[in-house]
Amino acid sequence: MKLNVDVLRYLSKEDFRVLTAVEMGMRNHEIVPSELVDRIASLKHGGTYKVLKNLLKHKLVHHDSSKCELFLQHFGTIPLSTILFYPILRPLGYIDDGFRLTYLGYDFLAIKTMVNRGVFASVGRQIGVGKESDIFEVATEDGTILAMKLHRLGRVSFRAVKSKRDYLRHRRSYNWLYLSRLAALKEFAFMKALEEHGFPVPNAIDCNRHCVIMSLIQGYPLVQVKELQNPEAVFDRIIGLVIRLAEHGLIHCDFNEFNIMIDDDEKVTMIDFPQMVSVSHRNAQMYFDRDVECIFKFFGKRFNLSFEEESYNSDSVGGDVEDGSRPSFLSINKSAGFLDRELAASGFTTKDQADMDKFIEEDSAGVAVSDDEEDPSNSDEAIVRGTDALHLVEQTEQVQEGDGQDEVNNRESTEGGGSNE
Ligand code: ADP
Ligand code: MG
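What you see is a predicted model; the values in this text were computed from it and never measured. (Residues numbered from 1 in each chain as written. Chains lettered and ligands numbered in written order. Predicted model: local features only at pLDDT ≥ 70, side-chain atom pairs only at ≥ 80, totals over all residues.)

Caption draft 1: Local environment of the overall build of the protein. When helices and strands are tallied, the protein shows 15 helices and 15 strands. Of the contacts formed within the protein by residues at least 6 apart in sequence, a portion of 68% connects residues at least 24 apart. (Helix = DSSP H or I, 4+ residues; strand = E, 2+ residues; numbered from the N terminus. Contact = placed C-beta atoms within 7 Å.)

Okay, here's the thing in structure tokens:
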């Protein structure tokens, strides 16, 4: 996906205010009625509609006009400029439309927040595209290059989800904003904890919404490496990592040649953590064996290392797999296993984990995720009331601001994370 951040420079404070209003409305609606956007943004003189038109032009929001039958019957299409007349057309029953954020709109909100925080100053080329993420280089003020991962959970299954829209009308967990944000939060929490316990992972720098900023790893994903000076040593190091992770209470669950980076000194770094699980997960052994098997298979094929056929070594502790057998999950000493519990106490809660597990499982089964509980703090009224605070912060900021042409409206409003808390 292309990320044209030039547009970012030209977006005004009002643009970001309305974009944030759409984001807030999405706590409660898949498609946010434009009237609600207007109420949340509360710009003067129908200003919201003018701004929405601009946001649409830049593809930061998507306009859903599927419920504007009366208008369409009369006029065939809905030209962009009609938006300016919505306050008149809606009471007449011509328009019952709504907006949702696009990935680009969500990207801009996260990027703007990070730039405001001083985490980085510019966005560069795309360096990776995963099934459920896009990775870009970003540069700090002093020229340091970092990696930015934008999570896109739900991208793959969005269409399938959409076709079940009626059934899901009041179900909010399937919301891609929410899921992408959870994935980022989890990845950040895990990366940080792993780093603190001496695992070779990128340095976790910051996280906002669906976006994680981390250090840029020099080197290549293992899948691109055709030759190694010392494949046995690299193999041992990698298997040692799987075992040490388990000793700390964790399983990577996607441990393969795409998620292991190798540098020129054949140093190993592991990446990509949103799917990690605890060793107490009911399928832990299966996930562990699968991770191990991926590495055995890859090194057997690519570097001609020879192993015993699928044999498991029940004595193997601490990465010792010299006889070519697989380490056995059951015989690993997990008494150091506190990381999983430590993480459960971090920003990523058990409920978050449950929601993600549910998504991952049901997504693979082709079913969308649901959430039965309605949270009264997420009602439209509560959201509109909550934005009174947004006005206050904004007024304070206005006083402090200089020219501030492309200042975002305020930190509170753009840092809220935007989806279901
Ligand atoms: P996905 O979940 O979509 O697989 P990954 O985190 O595995 O995302 O990243 C996809 C690709 O982006 C990786 O294979 C790697 O090439 C590149 N990449 C990711 N993080 C970094 C990083 N910190 N430094 C350098 N390259 C990275
Ligand atoms: Mg990956």
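Having put the structure on the table, let's press on.
Caption draft 2: Molecular detail of the site of ligand 1. Lining the immediate environment of ligand 1, one finds 18 residues, of which G128, G130, S133, I217 and D272 sit closest. Broken down by secondary-structure element, the contributors of at least two residues to the shell around ligand 1 are β4 (122-129), β5 (133-139) and β6 (145-151). Across the shell around ligand 1, the residue classes tally to 10 nonpolar, four polar and four charged. Here the shell around ligand 1 spans two domains, since at least three of its residues come from each of domain 1 (6-182 + 369-415) and domain 2 (220-270 + 280-333). (Near = placed C-beta within 6 Å. Nonpolar A, V, L, I, M, F, W, Y, C, P; charged D, E, K, R; others polar. Domains from an automatic or database assignment.)

Caption draft 3: Up close: unusual backbone geometry. For S42, which is not glycine, the phi dihedral falls at a positive 35°. Within the secondary structure layout, S42 lies in the loop between α3 (34-41) and α4 (47-57). Using a count of 15 C-beta atoms within 10 Å as the deciding quantity, one classes S42 as partly exposed. Although it is not a glycine, C253 adopts a positive phi angle of roughly 80°. Here C253 lies in the loop between β10 (250-251) and β11 (260-262). (Buried ≥ 20, exposed ≤ 12 C-beta atoms within 10 Å, placed from the backbone.)

Caption draft 4: Layout of the environment of L56. By secondary structure assignment, the location of L56 is in helix α4. A C-alpha to C-alpha distance of 31 Å links L56 and M214, two positions 158 residues apart in sequence.

Caption draft 5: Up close: the sheet that holds strand β1 (residues 32-33). An order of β1-β3-β2 is seen for the three strands of this open sheet, with the pairing classed as antiparallel. Single-partner strands in this sheet number two, and they are β1 and β2 (61-64). Bridge count between β1 and strand β3 (residues 98-101): two bridges; the pairing is antiparallel. Note that in β3 the partner of V32 across the bridge is F99. (Pairing = 2+ DSSP bridges.)

Caption draft 6: Region of the structure containing the pairing of β4. Direction of pairing for β4 relative to β5: antiparallel, over a ladder of five bridges. Within β5, the residue paired with V129 across the bridge is D134.

Caption draft 7: Examining the environment of N208 more closely. Within the secondary structure, N208 is located in strand β7 (residues 204-208). Look at N208 and you get buried, because 25 C-beta atoms sit within 10 Å. Separated by 97 residues in sequence, N208 and I111 place their C-alpha atoms 8.4 Å apart.

Caption draft 8: Highlighting helix α10 (residues 231-247). With 17 residues, α10 extends 24 Å between its outermost C-alpha atoms, agreeing within 8% with the 24 Å of an ideal straight helix rising 1.5 Å per residue. Residues V234, F235, I238, I239, L241, V242, I243, L245 and A246 constitute the buried set of α10. Buried residues along α10 sit against β10, β11, β12 (268-270), α11 (284-303) and β15 (326-327). G249 occupies a position one or two residues after α10 and carries a positive phi of about 95°. (Expected span 1.5 Å × (residues − 1).)

Caption draft 9: Region of interest: the nonpolar core. In terms of nonpolar packing, the biggest core is built from 99 residues, with V22, V37, I213, A246 and I251 touching the most fellow members. Broken down by element, the residue count for this core peaks at 14 residues, all from helix α9 (residues 176-196). Here this core gathers at least three residues from each of two domains, domain 1 (6-182 + 369-415) and domain 2 (220-270 + 280-333). When sequence neighbours within four positions are dropped, the list of residues in contact with I251 reads L245, A246, M276, V277, V279, A284, Y287, F288 and D291. (Core = buried A, V, L, I, M, F, W, Y, C linked by C-beta atoms within 7 Å.)

Caption draft 10: Focus on the confidence of the model for the protein. When pLDDT is averaged along the protein, the result is 78; 72% of the residues meet or exceed 70. In the predicted structure, residues 366-375 sits below a pLDDT of 50 and forms 21 contacts with residues beyond four places in sequence or in another chain. The low-confidence segment residues 388-421 (pLDDT under 50) makes 53 contacts with residues lying over four places distant or belonging to another chain. In the predicted assembly, ipTM is 0.99 and pTM is 0.80. (pLDDT = per-residue confidence, 0-100.)

Caption draft 11: Highlighting the environment of E14. Inspection of the secondary structure assignment puts E14 in helix α2 (residues 13-25). If we ignore the near neighbours within four places in the chain, the residues touching E14 are L43, G47 and V51.

Caption draft 12: How the structure looks around the pairing of β3. Here β3 shows no split at all, with G98 and R100 on one side and F99 and L101 on the other all buried. The pairing of β2 with β3 spans four bridges and is antiparallel. Looking at the pairing, H62 lines up with R100 of β3.

Caption draft 13: Expanded view of the sheet that holds β7. Taken in spatial order, the five strands make up an open sheet running β4-β5-β6-β8-β7, and their pairing is antiparallel. The open sheet has two free edges, formed respectively by β4 and β7, since each of these has just one partner strand. Direction aside, neighbouring strands of the sheet carry axes that sit 25° apart on average. Sheet topology places β6 next to strand β8 (residues 211-215); five bridges connect them, and they run antiparallel. (Axes fitted to C-alpha atoms, helices over the stretch in contact; angles between N-to-C directions.)

Caption draft 14: Highlighting α4. Taken as a whole, α4 has its buried residues at T48, Y49, V51, L52 and L55. The buried residues of α4 all sit within an arc of 160° when viewed along its axis, so they share a single face. Where α4 is buried, its residues meet α2, α3, β2, α6 (86-89) and β3. (Arc of directions from axis to C-beta.)

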